Amino acid sequence: MRVLASAPAKIILFGEHSVVYGKPAIAAAIDLRTYVWAEFNDKGAIRIEAKDIRVPGLTVSFSEDEIYFESDYGKAAEVLSYVRQAIELVREEADANGRGITVSITSQIPVGAGLGSSAAVAVATIGAVSRLLGLELSNEEVGKLGHQVELLVQGASSGIDPTVSAIGGFIHYEKGKFERLPFMELPIVVGYTGSSGSTKELVAMVRRTYEEMPEVIEPVLVAMGKIVEKARDVLLSELDEDVRFAQLGRLMNINHGLLDALGVSTKKLSELVYAARTAGALGAKITGAGGGGCMYALAPENQSEVATAITIAGGTPMITRISGEGLRIEEVLP
Ligand SMILES: Nc1ncnc2c1ncn2[C@@H]1O[C@H](COP(=O)(O)OP(=O)(O)OP(=O)(O)O)[C@@H](O)[C@H]1O
Ligand SMILES: C[C@@](O)(CCO)CC(=O)[O-]
Ligand SMILES: [Mg+2]
């Protein structure tokens, strides 16, 4: 039996990092996906074929059906840790420890770019392997297991990324609980710096600053939480669309300033943010953990001008759409 599952990337519209401290956040799934095939092997081992992962310092090459990591073993093990943990967790859930499982991954999501590649690979792996082992899990349950995978690998995770990747759509999330927001097309442009940041390291860096000076950082996190609540009110309001977009844009700019204050922006990210605003975006901010990766801009009138400005500033624009669909079982072959 072979099972193919897929799960989407996400953007965090408001509230990354503060969400790790129990504040709310708003996120949406987008139409880039990770695909995972799962099947049994008779070696009793976990075998992972990560076909197109590109991580600095790690080169993967192929010879017939074997893959070689041209780096030290530790680095390869670290890079594949989300997938390995996902498989181990599902085997345990299904009482199938020791069962040989091979997964093969292809992904459209840039890695370490703030678009939730870790959550998508965990969710798609859990989806494929649980079906293979005959476990009946709802997408919400897969999201919860995905959260456990992120906790095991990263040490800290709010769970928002695996939740939105598993259930899709547009959500408000707080302390493990989510509320679906009405599906809406937002006129956004994502700008990719081309460099990556590790969520595990960025979350740990914010934690160190918090522990060093909680009296300074706590009010920043509280303000981020207030931005999210205000954004939710604006999104759900009956105000005219242009008024709503203008308010959301201002909230994005404030949120970006506070993320910069936490130390998770980079020169390149901020350059893309300012280039987008100068080209007429109503707002622009980092999305995801930062340290490289992506920003996004809200640009109802001028998406193509904003995309050009991002290119001129040295980034790669991506015009993406919000995706209603979370985890999907694509194929089950005998
Ligand atoms: N296609 C893939 N195959 C195997 N592992 C992957 C794949 N894509 C991502 N990963 C795992 O996810 C890690 C990157 O996760 P990380 O949380 O640091 O960034 P992200 O999820 O892309 O961004 P963010 O968490 O800010 O949204 C990689 O180092 C790797 O371990
Ligand atoms: C940085 C962070 O808030 C979002 C990463 O996409 C981490 C998390 O919520 O687990
Ligand atoms: Mg991640």
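About the thresholds
Residues numbered from 1 in each chain as written. Chains lettered and ligands numbered in written order. Predicted model: local features only at pLDDT ≥ 70, side-chain atom pairs only at ≥ 80, totals over all residues. Heavy atoms only, no water. Helix = DSSP H or I, 4+ residues; strand = E, 2+ residues; numbered from the N terminus. Rg over C-alpha atoms; globule rule 2.2 N^0.38 Å. Buried < 20%, exposed > 50% of the residue type's maximum accessible area, 1.4 Å probe, protein only. Contact = heavy atoms within 4.5 Å. Lys, Arg positive; Asp, Glu negative; His and termini not counted. Charge placed at Lys NZ, Arg CZ, Asp CG, Glu CD. Domains from an automatic or database assignment. Buried area = accessible area lost by both parts, 1.4 Å probe. Salt bridge = Lys/Arg side-chain N within 4 Å of Asp/Glu carboxyl O. Polar contact = N/O pair within 3.5 Å; in protein donor to acceptor, adjacent residues only side chain to side chain. Pairing = 2+ DSSP bridges. Axes fitted to C-alpha atoms, helices over the stretch in contact; angles between N-to-C directions. Phe/Tyr/Trp six-rings, centres within 6.5 Å; stacked < 30°, edge-to-face > 60°. Left-handed = near helix turned anticlockwise from the far one by under 90°. Core = buried A, V, L, I, M, F, W, Y, C linked by side-chain atoms within 4.5 Å. Near = heavy atom within 4 Å. Areas by Shrake-Rupley, 256 points an atom, 1.4 Å probe, with all protein chains shown as cover. Nonpolar A, V, L, I, M, F, W, Y, C, P; charged D, E, K, R; others polar.

1. Observations regarding the overall build of the chain
Alright, step 1. Secondary structure assignment for the chain yields ten helices and 13 strands.
Alright, step 2. In summary, the chain has a C-alpha radius of gyration of 20 Å against a globular reference of 20 Å for 334 residues, a match within 12%.
Alright, step 3. The principal-axis extents of the C-alpha atoms in the chain amount to approximately 60 × 45 × 40 Å.
Alright, step 4. When burial is assessed residue by residue, the chain has 54% of its 334 residues classed as buried.
Alright, step 5. Put simply, 74% of the contacts in the chain that link residues at least 6 apart link residues at least 24 apart.
Alright, step 6. Across the chain, 31 positive and 42 negative side-chain charges occur, with their mean positions spaced 2 Å apart.

2. Considering the domain arrangement of the chain
Alright, step 1. On domain assignment, one finds that the chain holds domain 1 (2-182) and domain 2 (188-318).
Alright, step 2. With 32 residues of domain 1 at the contact, the number on the domain 2 side is 41 residues.
Alright, step 3. Ranking the residues of domain 1 by area buried against domain 2 places Phe14, His17 and Tyr21 at the top, with a combined share of 28%.
Alright, step 4. A salt bridge links Glu16 to Lys285, with the shortest nitrogen-to-oxygen separation between them at 2.9 Å.
Alright, step 5. The interface formed by domain 1 and domain 2 contains 14 residue pairs in polar contact (both at pLDDT 80 or more).

3. Observations concerning the sheet that holds strand β9 (residues 188-192)
Consider a sheet: its strands pair through backbone hydrogen bonds, and that pairing is either parallel or antiparallel.
Alright, step 1. Strand order in this open sheet of four strands is β10-β11-β9-β12, and the pairing throughout is antiparallel. Each of the sheet's edge strands pairs with one partner strand only, and the pair in question is β10 (283-287) and β12 (316-318). If you compare each strand with its neighbour and ignore which way they point, the axes differ by 25° on average.
Alright, step 2. Across five bridges, β9 lies against strand β11 (residues 294-298) in antiparallel orientation. Of the residues in β11, the one forming a bridge with Val190 is Tyr296.
Alright, step 3. Against the sheet, helix α10 (residues 303-312) touches β9, β11 and β12, its axis set at about 10° to β9.

4. Comments concerning the packing of aromatic side chains
Alright, step 1. One pass over the structure, following the stated rule, counts one aromatic pair.
Alright, step 2. Residues Tyr21 and Tyr210 carry aromatic rings whose centres are separated by 5.0 Å and whose planes lie at 45° to one another, so their mutual orientation is tilted. You can see Tyr21 sitting in the loop between β1 (2-14) and β2 (25-40) and its partner Tyr210 sitting in helix α6 (residues 199-212), a full 189 residues away along the chain. Exposure class is identical for Tyr21 and Tyr210. Each is buried.

5. As for the pairing of β2
In summary, the side chains of a regular strand alternate between the two faces of the sheet.
Alright, step 1. Here β1 pairs with β2 via twelve bridges, running antiparallel. When the bridges of β2 are listed, Ala5 appears paired with Val36.
Alright, step 2. Two strands pair when backbone bridges link them, and β2 and strand β6 (residues 101-107) are joined in this way by seven bridges, in the antiparallel orientation. Bridging across to β6, Val36 finds its partner in Ile105.

6. So, the packing of helix α2 (residues 81-93) against helix α3 (residues 117-132)
Alright, step 1. One way to put it is that α2 packs onto α3 with a least axis distance of 9 Å and a crossing angle of 30°. Handedness of the crossing formed by α2 with α3: right-handed. From α2, Tyr82, Val83, Ala86, Ile87 and Val90 reach across to α3, where they touch Ser118, Val121, Ala122, Thr125, Ile126, Val129 and Ser130.

7. As for the nonpolar core
Alright, step 1. Of all hydrophobic cores here, the largest spans 60 residues; its most connected members are Leu13, Phe14, Leu115, Phe170 and Met295.
Alright, step 2. Ranked by the residues each element gives to this core, the list is headed by helix α7 (residues 214-236), at nine residues.
Alright, step 3. Structurally, this core is a two-domain feature, drawing no fewer than three residues from each of domain 1 (2-182) and domain 2 (188-318).
Alright, step 4. Aside from chain neighbours lying at most four places away, what touches Phe170 is Leu13, Ile26, Ala27, Ala28, Glu179, Arg180, Leu181, Pro182, Met184, Leu186 and Leu235.

8. Focus: unusual backbone geometry
Alright, step 1. For Asp95, which is not glycine, the phi torsion reads 55° and is therefore positive.
Alright, step 2. The phi dihedral of Lys175 is positive, around 45°, even though this residue is not glycine.
Alright, step 3. Tracing the chain through its elements places Lys175 in the loop between β7 (170-174) and β8 (177-180).
Alright, step 4. For Lys175, a relative accessible area of 63% puts it in the exposed group.

9. Some details on the site of ligand 1
Alright, step 1. Surveying the vicinity of ligand 1 reveals 23 residues, the closest of which are Lys10, Val79, Gly116, Ser117 and Thr199.
Alright, step 2. Between ligand 1 and Gly112 there is a distance of 2.8 Å, counted from an oxygen atom to a backbone nitrogen or oxygen.
Alright, step 3. In this structure, Asp161 approaches ligand 1 through a side-chain N or O atom, which is 3.5 Å from an oxygen atom.
Alright, step 4. Protein contacts shield 93% of the accessible area of ligand 1, which totals 640 Å² for the unbound molecule.
Alright, step 5. Among the elements that line the shell around ligand 1, the one with the most residues is α3, at three residues.
Alright, step 6. Classifying every residue of the shell around ligand 1 by side-chain character gives ten nonpolar, eleven polar and two charged.
Alright, step 7. Residue contributions to the shell around ligand 1 reach at least three from each of two domains, namely domain 1 (2-182) and domain 2 (188-318).

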